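Structural description and commentary
Each chain is listed here by its residues.
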Amino acid sequence: MLIKKETAVVTLLFSVLFFVACEQKSKTITVDSNSMRIPVSVHDSLILSVDKSPMDMSYFPDDYPKQKMITPNMASPVARVIYGRPKKNGRTIFGDSGVTKNIIQEYGKEWRLGANEASEMEVFKPVVINGKPLNTGRYIIYAIPYADRWKIIFNNNLYSWGLHMDKTQDILSIEIPVIRNDINIEYFTMLFQQSTQGCELVMAWGNIKTVLPINFN
Amino acid sequence: MMKYLLLVTGFLFFSITILHAQTKLPGLDRSPMDMSYYPDQYPLLIIQDKVTEPLVARIIYSRPQKKGRVVFGDLLEYGKVWRLGANEATEINFYTDVKVNDKIILKGRYSMYCIPNVERWTIIINKQTDTWGSYKYNDTDDIIRMDLPVQKQTEITEEFVMAFEKSATGADLIIAWDDVKLNLPIVF
């Protein structure tokens, strides 16, 4: 009986190990490059390998392009965000450099909400954020993170690398609380989820996340 | 022994739960997304105050890698529509009206596909946007089709790449992967 139990446990253990191995294999990313350097010409970019913090995009409705593939005559998407995905790499992400060494992003300073080009959010119909209207169009979205809250700002100064700050082009802002996550998010992630008022943009990195309400219902 | 095994098993299950909790958020794409502008490196020009001409075009695409495979004629079948990248269909945004193959394309957002063949490719600009792959590609939504000659490169391009280059009449969209390169002339 004991042997049987042990065999069962060992079998289970192996299947679990196998499963974990598969999980990890499927997560293996082949983006290995030192391309944080800035490309200087089109010829340079032709040999330039993929970005260290690769670009990604999220839609609302979530996975819109895939949904559109299986749903005929699907209505237009509501929103899309395009951003670079930096990796935590064992570093402390947010902090006060006077207190913690080697932080990625200082509290109280503007952050592009990603990496490389400033993050961009497009709304395909008018929405309401923080009680204010945001017209159909494309915007820069950036943040000023603090320990307990982030200030999220929409700005008209599009297509910049990093943040080319021009606060006169800020359109609206909202402060949202920082929520502690019980899991660790290695790559900075933004994605939309449905809410009763419309949708929310979830922004997560390390062990924190913030949720930006976007209303259109 | 049993206790130890159970403990280890328990721990592994716990780790898996965490892994799964994490996979709710998207991991990194195998073929990461990238974008190119005309003027080339426009976002860098902006922050360096070096912009000399207005923004004309931007392409958003994903970058599959060769990884030792023969790309054209093997990984990608000749004569079949390809999304010019990976994941979502490639998107091209014109910020001004342009001409491709002598036809006017109004400013706006389009998807791009191609049909690769040995000696020439057909490049397609289509008005359906925000789609995944070329599964729902419909030629009735085509704006432009243009045949381009394939240029053989001696140097292999590992990661599929697209970038704009200034030309006498506007800009060329350079498309390169493996031992193949093409130039799509955009007039403006």
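In this text, all values refer to a predicted model and were calculated from it rather than measured experimentally. (Residues numbered from 1 in each chain as written. Chains lettered and ligands numbered in written order. Predicted model: local features only at pLDDT ≥ 70, side-chain atom pairs only at ≥ 80, totals over all residues.)

**Looking at the overall build of chain A**
Across its full length, chain A carries three helices and twelve strands. By residue count, 31% of the 217 residues in chain A fall in the buried class. When contacts within chain A are restricted to residue pairs at least 6 apart in sequence, long-range pairs at least 24 apart make up 51% of them. (Helix = DSSP H or I, 4+ residues; strand = E, 2+ residues; numbered from the N terminus. Buried ≥ 20, exposed ≤ 12 C-beta atoms within 10 Å, placed from the backbone. Contact = placed C-beta atoms within 7 Å.)

**Observations concerning the overall build of chain B**
When helices and strands are tallied, chain B shows two helices and ten strands. Relative to its 188 residues, chain B shows a buried fraction of 37%. Sequence separation of 24 or more characterises 56% of the internal contacts of chain B that already satisfy a separation of 6 or more.

**Regarding the nonpolar core**
Ranked by internal contacts, the top residues of the largest apolar core, which has 79 residues, are Ala79, Val81 and Ile141 of chain A together with Ala57, Ile59, Met162 and Leu173 of chain B. Considering each element in turn, this core owes the most residues, nine residues, to strand β10 (residues 170-187) of chain B. Ignoring any residue separated from it by four or fewer positions in sequence, one finds Val81 of chain A in contact with Met57, Ser58, Ser119, Met121, Ile141, Met190 and Leu201 of chain A. (Core = buried A, V, L, I, M, F, W, Y, C linked by C-beta atoms within 7 Å.)

**Overview of the confidence of the model for chain B**
Residue and element names in this part refer to chain B. Model confidence for chain B is summarised by a mean pLDDT of 89, while 87% of its residues fall at 70 or above. Low pLDDT (under 50) marks residues 13-23, which in the prediction has nine contacts with non-local residues, meaning those over four places away or in another chain. Predicted as a complex, the structure gets a pTM of 0.81 and an ipTM equal to 0.82. (pLDDT = per-residue confidence, 0-100.)

**Quick look at unusual backbone geometry**
That bond from Phe60 of chain A to Pro61 of chain A is cis: its omega, 0°, falls within 30 degrees of zero. Relative to the elements of secondary structure, Pro61 of chain A occurs in the loop between β1 (55-60) and α3 (64-70). Residues Tyr38 of chain B and Pro39 of chain B are joined by a peptide bond in cis, for which omega reads 0°. Within the fold, Pro39 of chain B resides in the loop between β1 (33-38) and α2 (42-47). Unusually for a residue other than glycine, Asp49 of chain B sits at a positive phi of about 55°. On the secondary structure map, Asp49 of chain B appears in the loop between α2 and β2 (57-62). Since 7 C-beta atoms lie within 10 Å of it, Asp49 of chain B is described here as exposed. Here the phi dihedral of Asp178 of chain B falls at roughly 60°; this positive angle occurs in a residue that is not glycine. Assignment of secondary structure puts Asp178 of chain B in strand β10.

**Quick notes on the confidence of the model for chain A**
A residue-level look at chain A finds 77% of positions with pLDDT of 70 or above and a mean pLDDT of 82. In the predicted structure, residues 1-47 of chain A sits below a pLDDT of 50 and forms 47 contacts with residues beyond four places in sequence or in another chain.

**Thoughts on the environment of Leu163 of chain A**
Residues and elements named next belong to chain A. In this structure, Leu163 sits in the loop between β9 (149-155) and β10 (170-177). Judged by C-beta crowding, with 19 C-beta atoms within 10 Å, Leu163 ranks as partly exposed. Distance in space between the C-alpha atoms of Leu163 and Ile140 is 9.0 Å, their sequence separation being 23 residues. Here Leu163 is in contact with Glu110, Arg112, Ala118 and Tyr142, once residues within four sequence places are set aside.

**Digging into the environment of Ile47 of chain B**
Looking at where Ile47 of chain B falls in the secondary structure, it is placed in helix α2. Those residues in contact with Ile47 of chain B that lie beyond four places of it in its chain are Ser160, Trp161, Gly162 and His164 of chain A.

**Quick word on the environment of Leu148 of chain B**
All names here are of chain B. Mapped onto the secondary structure, Leu148 falls in strand β8 (residues 142-149). C-alpha of Leu148 to C-alpha of Lys103: the two residues are 45 residues apart in sequence and 15 Å apart in space. In this structure, Leu148 is in contact with Arg120, Trp121, Ile123, Leu182 and Leu184, ignoring residues within four places of it in sequence.

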